[in-house]
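Structural characterization, general
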Amino acid sequence: MSTTKDVGRLLLRCADRPGLVAAVSSFLAQSGANIVSLDQHATEQSGGTFMQRTIFHLPGLTAARDALESAFVEQVAKPFEMEFRLTEAAKPKRVVILASKEDHCLLDLLWRNRRGELDMSVSMVISNHPDLADQVRPFGVPFLHVAATKDNRAEAEQRLLDLVRGNADLVVLARYMQILTQDFLSHVGCPLINIHHSFLPAFIGAAPYRRAKERGVKLVGATAHYVTEELDDGPIIEQDVVRVDHRHSVADLTRLGADVERVVLSRAVLWHCQDRIIRYGNQTVVF
């Protein structure tokens, strides 16, 4: 029997004030729900922003969800001017993965998903190169090639929009080596998560690990973040590093960097799919 059956996740954000936890808890109790866990954070002792993630169990949640959400709006969200999101744990997020030629992040996500480590349903993999089609095929996930260059960007992005809209709750850029325009981000209709090495803003451009070796870095790492119109400057979800030294070659740095990228991206995707993340300005709170 699924442990996610009839389990709801309620994420909310609003101006902090007394009585918020009591209002949410009382509403759920009066609705017949049992709170399984509750995490909260306020940015200041008073006058800041309040954020909360509540996991609850409510028999017949799927049938009751619309009425529950409407009642929450009227009884709690409107009076406290809350932004909130109510989801069902038993309904995996639909994920579209964008990739290019590098396979390490893409195959890691597909492998973890096949093993049941990531609570998501991969709708499709879209790449601007055909190279990875044979590697994706054993996972039983549709692979689509949409050629994208600086010369056909508008046409390629429109094709991506046609494929993604209505089929995705999340888009993951698994080393997708194309810059997405503000127009695309405005129309895609779901969040996007990107992964990159943590040398940024240093070593921008091609061959970052060679340039890092030349500079004698002592750490390599990776950053996963939400995508915004500001390139590589969206709210950070997760980061990690590994120590390196003079004995490591460029190939070693590249391999270690790829290892960190895989782990960091999988954590970020997992946490998003588990509704653990609340965005706050250009930051995130991860419960």
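Since the model is a prediction, treat every value here as computed from it, not as a measurement.

1. Examining the environment of His-145
With respect to the helices and strands, the residue His-145 is situated in strand 7 (residues 143-145). On the accessibility criterion, His-145 (43% relative accessible area) is partly exposed. Along the sequence, His-145 and Asn-128 sit 17 residues apart, while their C-alpha atoms lie 5.7 Å from each other. The contacts of His-145, once residues within four sequence positions are left out, are Ser-127, Asn-128, His-129 and Pro-130. Within polar-contact distance, the side chain of His-145 engages the backbone oxygen of Asn-128 at 3.4 Å.

2. Some remarks on the environment of Ile-195
For Ile-195, the location among the structural elements is in strand 9 (residues 192-197). Separated by 30 residues in sequence, Ile-195 and His-225 place their C-alpha atoms 6.6 Å apart. Look past the residues within four positions of Ile-195 in its chain and what remains in contact with it is Cys-105, Leu-173, Arg-175, Ala-222, Thr-223, Ala-224, Glu-261, Val-264 and Leu-265.

3. Some words on the nonpolar core
Within the largest apolar cluster, 30 residues are counted, with the highest numbers of intra-cluster contacts made by Ile-97, Leu-106, Leu-109, Leu-110, Met-120, Leu-265 and Val-269. Secondary-structure elements contributing two or more residues to this core are strand 5 (93-99), helix 3 (104-114), strand 6 (120-127), strand 8 (170-173), strand 9, strand 10 (219-226) and helix 8 (250-273). When residues of this core are assigned to their parent elements, the largest contribution, six residues, is made by helix 8. With residues up to four places along the chain from it excluded, the contact list for Leu-110 reads Ile-97, Val-122, Val-125, Val-136, Phe-139 and Val-141. Ranked by size, the runner-up nonpolar core spans 22 residues in total, among them Ile-126, Leu-161, Val-188 and Val-227.

4. Focus on the sheet that holds strand 2 (residues 34-42)
Strand pairing in a sheet takes place through backbone hydrogen bonds and is either antiparallel or parallel in direction. Pairing is antiparallel across the open sheet formed by four strands, whose spatial order is 2-3-1-4. On the outer flanks of this sheet lie strand 2 and strand 4 (83-88), each paired with one strand and no other. Averaged over all neighbouring strand pairs, the angle between strand axes comes to 10°, with direction disregarded. As paired strands, strand 1 (residues 7-15) and strand 3 (residues 49-57) are joined by nine bridges and run antiparallel to one another. Bridged to Leu-11 within strand 3 is Arg-53.

5. Some words on the sheet that holds strand 10
Overall, mixed pairing links the seven strands, which are arranged 7-6-5-8-9-10-11 in an open sheet. Two strands lie at the open edges of the sheet, namely strand 7 and strand 11 (236-243), each paired on one side alone. Between one strand axis and the next, the sheet turns through 20° on average, direction left out of account. Where helix 3 meets the sheet, its contacts fall on strand 5, strand 6, strand 8 and strand 9, and the angle it forms with strand 6 comes to roughly 155°. Strands strand 5, strand 6, strand 7 and strand 8 of the sheet are contacted by helix 5 (residues 153-164), whose axis makes an angle of about 160° with strand 6.

6. Quick notes on the pattern of salt bridges
Close approach of charged atoms allows side chains with opposite charge to pair. Applying the stated criterion across every chain, the model contains 22 salt bridges. The shortest N-O distance in the salt bridge between Glu-102 and Arg-175 comes to 3.5 Å. You can see Glu-102 sitting in the loop between strand 5 and helix 3 and its partner Arg-175 sitting in the loop between strand 8 and helix 6 (182-187), a full 73 residues away along the chain. Arg-137 serves as the salt-bridge partner of Asp-134, at 2.6 Å between the closest nitrogen and oxygen. Each member of the pair, Asp-134 as well as Arg-137, is classed as exposed. Linked by salt bridges that have partners in common, Arg-9, Arg-85, Lys-93 and Asp-275 make up one network.

Parameters at a glance
Residues numbered from 1 in each chain as written. Predicted model: local features only at pLDDT ≥ 70, side-chain atom pairs only at ≥ 80, totals over all residues. Heavy atoms only, no water. Helix = DSSP H or I, 4+ residues; strand = E, 2+ residues; numbered from the N terminus. Buried < 20%, exposed > 50% of the residue type's maximum accessible area, 1.4 Å probe, protein only. Contact = heavy atoms within 4.5 Å. Polar contact = N/O pair within 3.5 Å; in protein donor to acceptor, adjacent residues only side chain to side chain. Core = buried A, V, L, I, M, F, W, Y, C linked by side-chain atoms within 4.5 Å. Pairing = 2+ DSSP bridges. Axes fitted to C-alpha atoms, helices over the stretch in contact; angles between N-to-C directions. Salt bridge = Lys/Arg side-chain N within 4 Å of Asp/Glu carboxyl O.

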